[in-house]
Structure formats: structure tokens, C-alpha cells
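Working through the structure, step by step
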Amino acid sequence: MIWDDLCELIDSHQRFLISSHLSLDGDSVGSQLAMSWHLKSKGKDVVLYNADPVPKKFRFLQRVEEITTVVPSVKPDVLVILDCSNLQRLGWNAEGITPLIINIDHHRDNTRFGIFNHIDDRAAATGAIICRFFKECGITYPPEVAEALYAAIMTDTGGFRFSNTTSSILRICADLIDAGADGSKIYEKVYSSHAPEGLMLQARIWSSLKYHLDGRVCSMEMPLAVLEEIGAVYSDSEGMADHTITAEGVEVGIMVKYSASESHFSLRSKGTVDVGKIAQKIPGGGGHFSAAGCTIEMPFEEAFPYMLNILSAEMG
Ligand code: 5GP
Ligand code: MN
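Everything numeric here is computed off the predicted structure, so don't read it as measured data. (Residues numbered from 1 in each chain as written. Chains lettered and ligands numbered in written order. Predicted model: local features only at pLDDT ≥ 70, side-chain atom pairs only at ≥ 80, totals over all residues.)

1. Quick word on the pairing of strand E9 (residues 252–258)
The buried fraction of E9 amounts to 7 of the 7 residues, a majority that puts the element mostly inside the structure. The side-chain alternation of E9 yields two buried faces, one formed by Val252, Ile254, Val256 and Tyr258 and the other by Gly253, Met255 and Lys257. In this structure, strand E8 (residues 217–223) lies alongside E9, joined through 7 bridges in parallel fashion. By the bridge assignment for E9, Val217 is matched with Val252. In this sheet, strand E10 (residues 263–269) lies alongside E9 in antiparallel orientation, the contact comprising 7 bridges. Directly across from Tyr258, in E10, lies its bridge partner Ser263. Remark: 4 residues form the turn of the hairpin made by E9 and E10, two consecutive strands paired antiparallel. (Buried ≥ 20, exposed ≤ 12 C-beta atoms within 10 Å, placed from the backbone. Helix = DSSP H or I, 4+ residues; strand = E, 2+ residues; numbered from the N terminus. Pairing = 2+ DSSP bridges.)

So, in C-alpha cells, the structure goes:
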């Protein structure tokens, strides 16, 4: 069975460190909580460590407080890296800690950095891969784990709106609801529980909306300095990139978040342009066909036209 090596690796070690990519999203948080529950149910010592904190909207998930940004003092036997396409995306240095790395992910540009690699780019979310692992190994789980996995899948399918919302992913979610996940509660916590300042920040970002390349590209922008001015936090801007492709005629959406020296681009596609391929043209960039990202080490005024040129050449 495809899971034999994973089970063997888990059974024969005691100390595990679970981590995921910078700028945590619902899939990374939910997948980490589910895997942590499984390891603990087998009597393992588990540390959940990430470079970035858990966004507020996911803090309703049970045991989420166990996910910390405090650098762990004990070396693990095994590193479990979830939903993260390469070790640089961790945002912390995992080199030399242990050669035993479990790598479970659904990004097609995953660099297979583990000793156990399960990369399924057809999976809508890493959480869906973990559901499959649990199901095929006969692992039954409590409602709080079903909730974490449902949140993982719900967020990576854009609230069941993106093209990765297949019948099989909906069947997996049906199983999660049967196992105790409350879909409407999770939807409300994640999408309708903004901090008042967070919504003010979103209003500011909306007001930056512009069209380019004859209306085929739409952009929004956020200087990081605006966070302090409004009293909002970075994660309040999460999800805004998805709005950049909601206008008729727009093929590619760009959301740029920038400091004085660098600009992070979130790219979105309606399905005609492969934005993952475009993000990969920038060192460290990557992602999926319709959602990807990269950081250009330039101030916004230079980085934006640079990206627009790449898009213009690519889109013809
Ligand atoms: P978002 O725009 O929502 O931050 O990210 C969309 C997708 O692109 C996610 O799957 C994310 O992992 C990937 N992504 C975002 N930024 C980067 C980046 O700088 N490098 C790589 N390799 N992937 C990224
Ligand atoms: Mn994911």
C-alpha cells in the first residue's frame, strides 16, 4: 500500500516536528492539526512550529493554540512538512535537522525534498490527501479533526467555488460532515468573522483596483505601511486576490503587497493563462495553474511594470 512507508516511519520514531509554508492558510493549518492529532493518538511527541502565526479566522479550530512560532528547543527525529512545495517556503531553516522528512503536498512544483514524498497535484487540498490516508488506513477521527480537515478543503476550493470542486472532493466533505464537521459554522468562522479593522483594510485595497492590457488584467495593491495606519494585520488581506478575477473580460488578476524594497505578487487566472508558469519565471515563485505567487526584490514602482511585461508577453 502507498502508505506503508509512511506508517513505518511514524511507528519507528518518537519525536515529530510538523510545519508548513509561510503565510499560513486554511489548508496548512487544518492539515497540521489533523496530522498532529494522528501522531499524538499513537503516543508520539509532537511540536507544531511555523515561521508565521495562525491567522485569526482559523483560531476557532480546536488545539490551534498548539501551533507556535516559538523556535523548538528539542531536535525531532522526523520532520513532517505539509502543503509546502519546497524547503525555502517554510520561512525557517530546516537544513541539517534530520534526514527524515515526510513531505505531503498537492503543489505540482513540489521539489520532493522528503524521504517519504506523497505529492498529488490532482488533490484539491493537502487536507484531502490526509483524508485519503486516514480512510485507506482505517483511521477514524473525532469531530474536531473532521472540522480541521473540512476547513482545509473548504478554503483551498475557495468555499467550493473553484474548478477543483469535483464530485469526489464533495464526497470527502460529506464524509467529514458525517464525522462531525459543521459546514455552516466553519463557513461563518472563516468567511464572515472579520475584525472591523480588517474590513476597513479590505475597503482600502478595493479602492486601489485598476485594469491593464485592454481589460484582460486587473490589479489591486497594498503597501504594508497601511496595516499600521489602519490597525489591521497582514492576514486580514487574505482572500482579496481572489476578487481580482471577478470582473467580466479579466483573464489574470494581480494582488501586490509591497514594502519599500520588495513586492509580493499573488496571481490568479480564470483558466486561460497558467499563472503558476508565470510565477516560476521569478526565483522562488510558483504555485498552481490558477493561483500562484512570487516575490520580486524591487520596489512596487519597478516590480509592477516588470510583472506586467511578463504577462503581456505571455498572454500575446
Ligand atoms: P496566495 O496568492 O494565496 O498567497 O498563494 C496562491 C498559491 O501560490 C498557493 O498555492 C501558494 O502556496 C503559492 N505561492 C504563493 N506565493 C508563493 C511564492 O512566493 N513561491 C511559491 N513557490 N509559491 C507561492
Ligand atoms: Mn493547499
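2. Digging into the site of ligand 1
In the neighbourhood of ligand 1, 17 residues make up the surrounding shell, with Ser266, Gly286, Gly287, Ala291 and Gly293 lying closest. For the shell around ligand 1, the secondary structure elements donating two or more residues are strand E11 (286–287) and strand E12 (291–296). When residues in the shell around ligand 1 are grouped by element, the largest group, 5 residues, is from E12. Here the shell around ligand 1 is composed, by residue class, of 4 nonpolar, 12 polar and 1 charged. In this structure, the shell around ligand 1 is formed jointly by two domains, domain 1 (4–191) and domain 2 (196–315), each of which donates at least three residues. (Near = placed C-beta within 6 Å. Nonpolar A, V, L, I, M, F, W, Y, C, P; charged D, E, K, R; others polar. Domains from an automatic or database assignment.)

3. Observations regarding the nonpolar core
Residues Val80, Ala128, Leu149, Tyr150, Ala151 and Ile153 are the most contacted members of the largest nonpolar core, which totals 49 residues. For this core, the leading source of residues is helix H4 (residues 143–156), giving 9 residues. Residues in contact with Ala151, not counting those within four places in the same chain, are Gly26, Gly30, Phe58, Leu61, Ile186 and Val190. (Core = buried A, V, L, I, M, F, W, Y, C linked by C-beta atoms within 7 Å. Contact = placed C-beta atoms within 7 Å.)

4. As for the packing of H4 against helix H6 (residues 183–191)
Taken N-terminus to C-terminus, the directions of H4 and H6 make an angle of 60°; their axes are 10 Å apart at the nearest point. As summarised for this structure, H4 and H6 are arranged oblique, according to the angle between their axes. Taken as a pair, H4 and H6 cross one another with a handedness that is right-handed. Contact residues: H4 offers Glu147, Tyr150, Ala151, Met154 and Thr155, while H6 offers Gly183, Ile186, Tyr187 and Val190. (Axes fitted to C-alpha atoms, helices over the stretch in contact; angles between N-to-C directions. Parallel < 35°, antiparallel > 145°, perpendicular 65-115°, else oblique. Left-handed = near helix turned anticlockwise from the far one by under 90°.)

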